[in-house]
Amino acid sequence: MRTKTSTEHRDFSDYEKLRAEQHEELSRAASSLMCISNDLCRLRSCRRRRVCGGPMQPSPHQALAVRAQREIGLSGKACADLPVCIANQKPWVFDIYKKLMADLLQIKLDIPKMDLILACVEAASRRRLPKKHS
């Protein structure tokens, strides 16, 4: 069995750091587009600026993603957190959010130089989810 050298361990940490930054960008872009414009976000500063800037917190919605990262030897911390406005939402709301994140990821892959958060903030001013009637 081969052991990791300190260089490999450092590269691994660098990879996780990059993955965490990408996950946060994608999460905040999706929250800026969905949560703020649909009154899911209760943070006044986010609503006023029309961009997600609230705290990130661990979410039970991310349990499978964390598990997948751990199975390949990562810590799982890179994808464990979500913006506070979505972290504890109902599963049906998170399903919409997850689909939006997948769509945004594809856009980011297609147009790597795009400022995803800025694009979502601009789009959020024109888009709202239908109101759910109980």
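From a predicted model like this one, the values you see are computed outputs, not experimental measurements. (Residues numbered from 1 in each chain as written. Predicted model: local features only at pLDDT ≥ 70, side-chain atom pairs only at ≥ 80, totals over all residues. Heavy atoms only, no water.)

K.L.:
Any chance you could explain the overall build of the protein here in plain terms?
P.N.:
For the protein, the count of helices and strands is 6 helices and 2 strands. When its helices and strands are written in sequence order, the protein yields α-α-β-α-β-α-α-α. A total of 134 residues make up the protein; the buried ones form 33% of that total. Taking contacts inside the protein between residues at least 6 apart in sequence as the whole, the part at least 24 apart equals 69%. About 8,900 Å² of surface is accessible on the protein, with carbon and sulfur atoms providing 57% of the total. (Helix = DSSP H or I, 4+ residues; strand = E, 2+ residues; numbered from the N terminus. Buried < 20%, exposed > 50% of the residue type's maximum accessible area, 1.4 Å probe, protein only. Contact = heavy atoms within 4.5 Å. Areas by Shrake-Rupley, 256 points an atom, 1.4 Å probe, with all protein chains shown as cover.)

K.L.:
Before we go on, may I ask you to explain the side chain of Ser59 in this structure?
P.N.:
In this structure, Ser59 sits in the loop between strand S1 (56-58) and helix H3 (63-71). According to the relative accessible area criterion, Ser59 is buried, its value standing at 10%. A distance of 2.7 Å separates the side chain of Ser59 from the backbone oxygen of Ala87, its partner in a polar contact. When near neighbours in sequence (up to four residues on either side) are disregarded, Ser59 contacts Ala80, Leu82 and Ala87. (Polar contact = N/O pair within 3.5 Å; in protein donor to acceptor, adjacent residues only side chain to side chain.)

K.L.:
Looking at this structure, I do not really get helix H5 (residues 91-110). What am I missing?
P.N.:
Side chains of residues three or four places apart in an α-helix project in the same direction, reflecting 3.6 residues per turn. Its 20 residues give H5 an end-to-end C-alpha distance of 29 Å, which sits within 8% of 28 Å, the value for a rise of 1.5 Å per residue. Those residues of H5 not exposed but buried are Val93, Phe94, Tyr97, Leu100, Met101 and Leu104. Angularly, the buried residues of H5 cover 120 degrees about the axis, an arc narrow enough to put them on a single face. H5 presents Pro91, Lys99, Leu109 and Asp110 as exposed residues on the side facing more than 90 degrees away from its buried surface. (Expected span 1.5 Å × (residues − 1). Arc of directions from axis to C-beta.)

K.L.:
It is not clear to me how the nonpolar core should be interpreted in this structure. Could you clarify?
P.N.:
Note that soluble globular proteins tend to have their nonpolar side chains buried in a common cluster. Core analysis: the biggest nonpolar cluster contains 22 residues, and Ile86, Tyr97 and Leu104 have the highest contact counts within it. Discounting chain neighbours no more than four positions away, the residues touching Ile86 are Ser31, Met34, Cys35, His61, Val93, Phe94 and Tyr97. (Core = buried A, V, L, I, M, F, W, Y, C linked by side-chain atoms within 4.5 Å.)

K.L.:
Quick question: what am I supposed to make of the environment of Gln69 here?
P.N.:
Residue position: Gln69 is located in helix H3. Judged by relative accessible area, which is 8%, Gln69 ranks as buried. It is 9.8 Å that separates the C-alpha atoms of Gln69 and Glu16, two residues lying 53 residues apart in sequence. Once residues lying within four places of it in the same chain are set aside, the contact partners of Gln69 are Arg19, Leu74, Gly76, Lys77, Ala78 and Cys79.

K.L.:
Can you walk me through the environment of Glu21 in this structure?
P.N.:
Inspection of the secondary structure assignment puts Glu21 in helix H1 (residues 6-34). We classify Glu21 as partly exposed; its relative accessible area is 46%. Sequence-wise, Glu21 and Cys79 are 58 residues apart; in three dimensions their C-alpha atoms are separated by 9.4 Å.

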